Amino acid sequence: MVTNNEILEQLQKYRYLDLKYETGNIFGSMCTKPHPMTLEIIKMFYETNLGDPGLFKGTKMLEEESISIIGKLLNNPEAFGYIISGGTEANITAMRLFNNMSKSNVNSTNNTDKIVKSSNIIIPETAHFSFDKSKDMMNLNLIRPPLTEYYTSDVKWIKDYVEDTISKKGENYVSGIVGIAGCTELGTIDNINELSKIGYENGIPLHVDAAFGGFVIPFLEDKYKLKNYNYDFDFKLEGVTTITIDPHKMGLSPISAGGIIFRNKNYKTYLDIEAPYLTETLQATILGTRTGVGAATTWGLLNLLGKEGYAKITNECMEKTAYLTRKLKENGFETVIEPVLNIVAIKDENAKETCNKLKEKGIYVSVCRCTNALRIVIMPHLEFEHLDNLINNLCDVNKK
Ligand SMILES: CC1=C(O)/C(=C\N=C/Cc2ccc(O)cc2)C(COP(=O)(O)O)=CN1
């Protein structure tokens, strides 16, 4: 008979093989060491199941209150939504919503010759690959506008495309538009304000993927804002329908804690599925059984840290980002763009090779797909000395 302690000792051997955030060698992650308070919350809520909320009324209240707090942060007191597995599930949910809305709109016009074979979604080149998964799952047709020099979607191209196709193919041709508020590779922010006008004027829903930027942009000090970007991205823009915002990235929640926020509860009807054997009769989330830990840790941190706490974390990361950018330039390196958020992309024609050389030295950076560059995400677990260590090793592998 194996004892608990023997099992735990065996598990320690596996855990020992994992990297640890506190070593300061993880430079490519958009997750970080969760806030220590969340350990206690995990123990309190590890058995909860928001897939059957009638059994866990207290946990369901925590999810609803977390959504309400995040909604107010995003200028929407009517916000509805869920704390779910992550940004991928949140983005797939938004695409599922747009897909169902377009099918419903077509059916409501009873114009069978306009049945949308597959939903046409306008989506940036810089979009996260969770949208490619959505495409596979729902047979979406993804329309990719050209990028500007700032690595944002060309909104004039989008405006012309929408007006041109709608005039030719009918008002339901474009089923949705996606904008990114803090893209994965470079942290750039699309002009959501312009996308919102295009969507609102043409009756097209707009999804904003702020999985990473959602817990950064609202707290950014003005001194870190660049003139070539528009930082408005939330529900104060009337065309914004849904937002992805992940507590388990810059929100410091443990994994899994993603967020999908709807402008209001009316959108739930497009997602509801009969759930006969549950305490709730209609279920809108993609996952059925789902832990309540994400909702509880998110609620705890939203109330513990508040806007001031998140602002402190954000602007400390931005200070370190400015420090790293300055040091890189002093050592002869060039960044792809001036950092928009706490992400630095270092120009490197041999990015993959450099990445592997750093990995041999125990330093984990990532590489960009959109340009030849190394990608560094300055998360709260990185200290100034870790950045100095990165620079020294970069100079070493580049013999600068
Ligand atoms: C703009 C956007 C993202 O940058 C993103 C993930 N990004 C980065 C996920 C990541 C986290 C830790 C790590 O070590 C490596 C990668 C997702 C998906 O979020 P996820 O399902 O929670 O991974 C959506 N949108």
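Residues numbered from 1 in each chain as written. Predicted model: local features only at pLDDT ≥ 70, side-chain atom pairs only at ≥ 80, totals over all residues. Heavy atoms only, no water.

**Focus on the sheet that holds strand β11 (residues 366-367)**
Sheet strands pair by backbone hydrogen bonding; their relative direction is either parallel or antiparallel.
No. 1: Pairing within the open sheet is antiparallel, and its 3 strands lie in the order β10-β12-β11. Two strands lie at the open edges of the sheet, namely β10 (343-347) and β11, each paired on one side alone.
No. 2: Two strands pair when backbone bridges link them, and β10 and strand β12 (residues 373-377) are joined in this way by 5 bridges, in the antiparallel orientation. Paired with K347 across the strands is A373, a residue of β12.
No. 3: Running over the sheet, helix α8 (residues 293-330) touches β10 and β12 and is turned about 15 degrees from β10. (Pairing = 2+ DSSP bridges. Helix = DSSP H or I, 4+ residues; strand = E, 2+ residues; numbered from the N terminus. Contact = heavy atoms within 4.5 Å. Axes fitted to C-alpha atoms, helices over the stretch in contact; angles between N-to-C directions.)

**Things to note about the UniProt feature "modified residue: N6-(pyridoxal phosphate)lysine" (unreviewed entry) in the protein**
No. 1: When the UniProt feature table is mapped onto this chain numbering, "modified residue: N6-(pyridoxal phosphate)lysine" (unreviewed entry) sits at K249.
No. 2: Here K249 shows up in the loop between β6 (240-244) and β7 (258-262).
No. 3: Here K249 falls in the buried class, since its relative accessible area comes to 14%.
No. 4: Dropping the residues within four chain positions of it, K249 is found in contact with M30, T32, G87, A211, F212 and M379. (UniProt positions renumbered as here; feature names shortened; annotations may be inferred. Buried < 20%, exposed > 50% of the residue type's maximum accessible area, 1.4 Å probe, protein only.)

**Quick look at the domain arrangement of the protein**
No. 1: Per the domain assignment, the segments making up the protein are domain 1 (13-36 + 307-398) and domain 2 (38-302).
No. 2: When each unit is reduced to the centre of its C-alpha atoms, the spacing between domain 1 and domain 2 is 27 Å.
No. 3: Between domain 1 and domain 2, the residue contacts involve 32 residues of the former and 38 residues of the latter.
No. 4: With both chains or domains summed, domain 1 and domain 2 bury close to 3100 Å², and 67% of this area falls on carbon and sulfur atoms.
No. 5: For domain 1, the biggest contributors to the area lost against domain 2 are Y310, V340 and L341; these three give 23% of the whole.
No. 6: Viewed at the interface, domain 2 and domain 1 are joined by 1 salt bridge.
No. 7: In this structure, R369 and E185 form a salt bridge, with 3.4 Å as the shortest nitrogen-oxygen distance.
No. 8: Put simply, the parts of the chain that give the side of domain 1 that touches domain 2 at least two residues each are α8, β10 and β12.
No. 9: Residue contributions to the side of domain 1 that touches domain 2 peak at 9 residues, all from α8.
No. 10: Looking at the side of domain 1 that touches domain 2 residue by residue, the classes come out as 21 nonpolar, 6 polar and 5 charged. (Domains from an automatic or database assignment. Buried area = accessible area lost by both parts, 1.4 Å probe. Salt bridge = Lys/Arg side-chain N within 4 Å of Asp/Glu carboxyl O. Nonpolar A, V, L, I, M, F, W, Y, C, P; charged D, E, K, R; others polar.)

**Some words on a nonpolar patch on the surface**
No. 1: Taken together, the side chains of V2, I7, L8 and L11 present a nonpolar region at the surface, about 360 Å² in accessible area.
No. 2: Relative to the assigned elements, V2 resides in the segment before α1 (4-15).
No. 3: Among the residues examined, V2 registers a relative accessible area of 47% and is labelled partly exposed. (Patch = residues over 30% accessible without salt bridge, like charges linked within 9 Å, V, L, I, M, F, W, Y side chains within 5 Å. Areas by Shrake-Rupley, 256 points an atom, 1.4 Å probe, with all protein chains shown as cover.)

**Some thoughts on the packing of aromatic side chains**
No. 1: Applying the stated criterion across every chain yields a total of 7 aromatic pairs.
No. 2: Ring centres 5.8 Å apart and planes at 40 degrees place the aromatic pair F80 and F262 in the tilted group. One end of the pair, F80, is in strand β1 (residues 80-84); the other, F262, is in strand β7, and 182 residues separate them in sequence. Both residues of the pair, F80 and F262, count as buried.
No. 3: Of the aromatic side chains, those joined through ring pairs into one cluster are F80, Y82 and F262. (Phe/Tyr/Trp six-rings, centres within 6.5 Å; stacked < 30°, edge-to-face > 60°.)

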